[in-house]
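Reading the structure
So you can see what is in the structure, the chains are spelled out below.
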Amino acid sequence: MTYDDGSYDASHDDRLLAPEAGSEEAALESALRPRTLDTFIGQQRVKDQLGLVLEAATARGRAADHVLLAGPPGLGKTTLSMIIAAELGMPLRVTSGPALQHAGDLAAVLSSLVPGEVLFLDEIHRMSRAAEEMLYLAMEDFRVDVIVGKGPGATAIPLELPPFTLVGATTRAGLLPGPLRDRFGFTAHMDFYDASDLELILARSAALLDVPLAADAAVEIAGRSRGTPRVANRLLRRVRDFAQVRADGHVDLEVAHAALTLYEVDEIGLDRLDRAVLTALLTKFGGGPVGLSTLAVAVGEESETVETVCEPFLVRAGLLARTPRGRIATAAAWGHLGLRAPAGSAAALLPFDEDEGTAPSA
Ligand SMILES: Nc1ncnc2c1ncn2[C@@H]1O[C@H](COP(=O)(O)OP(=O)(O)OP(=O)(O)O)[C@@H](O)[C@H]1O
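Every chain is numbered independently, its residues counted from 1 as its sequence is written. With pLDDT at 70 or above as the cut-off, local features in this predicted model cover only qualifying residues; side-chain atom pairs require 80 or more to be listed or tallied, and sums for whole chains, interfaces and linings still use all residues. Only heavy atoms go into the side-chain values, all of them from the structure, while hydrogens and water stay out.

**Quick notes on the environment of Pro-289**
- Within the secondary structure, Pro-289 is located in the loop between α11 (272-283) and α12 (292-298).
- In this structure, the C-alpha to C-alpha distance between Pro-289 and Asp-38, residues 251 residues apart in sequence, is 44 Å. Per the convention used, a helix needs a DSSP run of H or I reaching at least four residues, while a strand needs a run of E reaching at least two, with both numbered from the N terminus.

**Points about a negative patch on the surface**
- A cluster of like negative charges, contributed by Asp-216, Asp-248, Asp-252 and Glu-254, occupies part of the molecular surface.
- Relative to the assigned elements, Asp-216 resides in helix α8 (residues 215-223).
- Burial classes: relative accessible area under 20% of the type maximum marks a residue as buried, over 50% as exposed, and values in between as partly exposed (1.4 Å probe, protein chains only). Owing to a relative accessible area of 41%, Asp-216 belongs among the partly exposed residues under this scheme. Patches here: salt-bridge-free residues with over 30% relative accessible area, like charges joined within 9 Å, nonpolar side chains (Val, Leu, Ile, Met, Phe, Trp, Tyr) joined within 5 Å. Reported accessibility uses the Shrake-Rupley method at a 1.4 Å probe radius. Residues are deemed covered only where the shown protein chains occlude them. Criterion for a salt bridge: a side-chain nitrogen of Lys or Arg within 4 Å of a carboxyl oxygen of Asp or Glu. Positive charges are assigned to Lys and Arg, negative charges to Asp and Glu, while His and the chain termini are left out of the count. By convention, the charge on Lys lies at NZ, on Arg at CZ, on Asp at CG and on Glu at CD.

**Looking at the pattern of salt bridges**
- Summed over the entire model, instances satisfying the criterion amount to 18 salt bridges.
- A salt bridge links Arg-93 to Glu-117; the shortest N-O distance between them is 3.4 Å. One end of the pair, Arg-93, is in strand β2 (residues 92-96); the other, Glu-117, is in the loop between α4 (103-111) and β3 (118-122), and 24 residues separate them in sequence.
- Overall, the relative accessible area of 22% leaves Arg-93 in the partly exposed class.
- Taking relative accessible area as the criterion, Glu-117 reaches 4% and is therefore assigned buried.

**Concerning the site of the ligand**
- Each residue is tested against the molecule or strand, and it is near if at least one of its non-hydrogen atoms lies within 4 Å. Close to the ligand lie 18 residues; Ile-41, Lys-77, Thr-78, Thr-79 and Arg-230 are nearest.
- In the environment of the ligand, a nitrogen atom lies 3.2 Å from a nitrogen or oxygen atom belonging to the side chain of Tyr-193.
- Taking 630 Å² as the accessible area of the ligand by itself, protein coverage stands at 97%.
- Of all the secondary-structure elements, those providing two or more residues to the shell around the ligand are α3 (77-88) and α9 (229-246). The term polar contact refers here to a pair of N or O atoms within 3.5 Å; inside protein, the definition further demands a hydrogen-donor-capable atom paired with an acceptor-capable atom, and it admits residues adjacent in sequence only when both atoms are side-chain atoms.

This is how it looks when you write it as structure tokens:
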């Protein structure tokens, strides 16, 4: 993702994460973004609640309450921030926590906002402590204290700010300090999408991209999209490539199936990293329990990536459980990789949900 200040977060350059700015992928992703709350598919509860917040602010003619968007990558947080600005009829400024390492960085952004502007602060949990403290006052009183000088001679010069709406996004709401969380008037917890919503998203994207997509092919792609619109759209583009090169351009079930097999997307949507995490957990650590950082080292990834990108979906799919003693593979995880859980492994200790065929997530 590239921000308005030109910074780019390369650590988030993966299938699931935002594409590099300026790339064809980024242009396509942007073209597929819904622009209004009405065309934003799924997340009905969030849409209803957010719609009310925005309508009330518009009726009062005041800046809307600050909004926190929390959830795994690719579920539509950036898209929603753009929709918030559009619905309020206000410009949008985009920055990120890592770009705000000094209080002065934040003061510069805040002091250049126009009245009512929407400030999208992505990865808000990665902001520096100094910037965070400045943000408290800015969110509450639309004011910052700029410190001039150092040591005993330092003075705080108050700077009035125009009213603005902060939209914070985080994949790790739990890391936000209480005082920061409390200053948001509305928090939207975004969850993975149902397959039926992903089918609608795929149908909409296919129409925009002019790809003939059969209904059963949409079902097949949706089922392998990890509950994530970004993944659904990316798989659609790969399947479209396959249809163009190896077939007549139409995406039917057979083409979708062959393309997804070629790209090694498994039947429940696990990708290379998800499978690496599961495989390490099963084969190197006997199914766990194992600590997050040990598991991350075993697959050569940052703990944060494993925790925020892989784990939420593995937990949701009933393949992994987070317990106070560490990460544990469920009985379903052993089954999914075609392995048998050894007698006495942690999976054997987890309750098994026969209706679901999976162990319930922690
Ligand atoms: N509800 C939705 N309906 C249709 N398309 C969606 C929806 N949500 C997301 N998308 C599409 O998915 C892609 C990724 O969305 P977006 O960039 O908003 O995710 P994000 O949560 O901000 O991800 P990250 O945290 O990685 O930046 C975009 O192309 C967007 O068009």
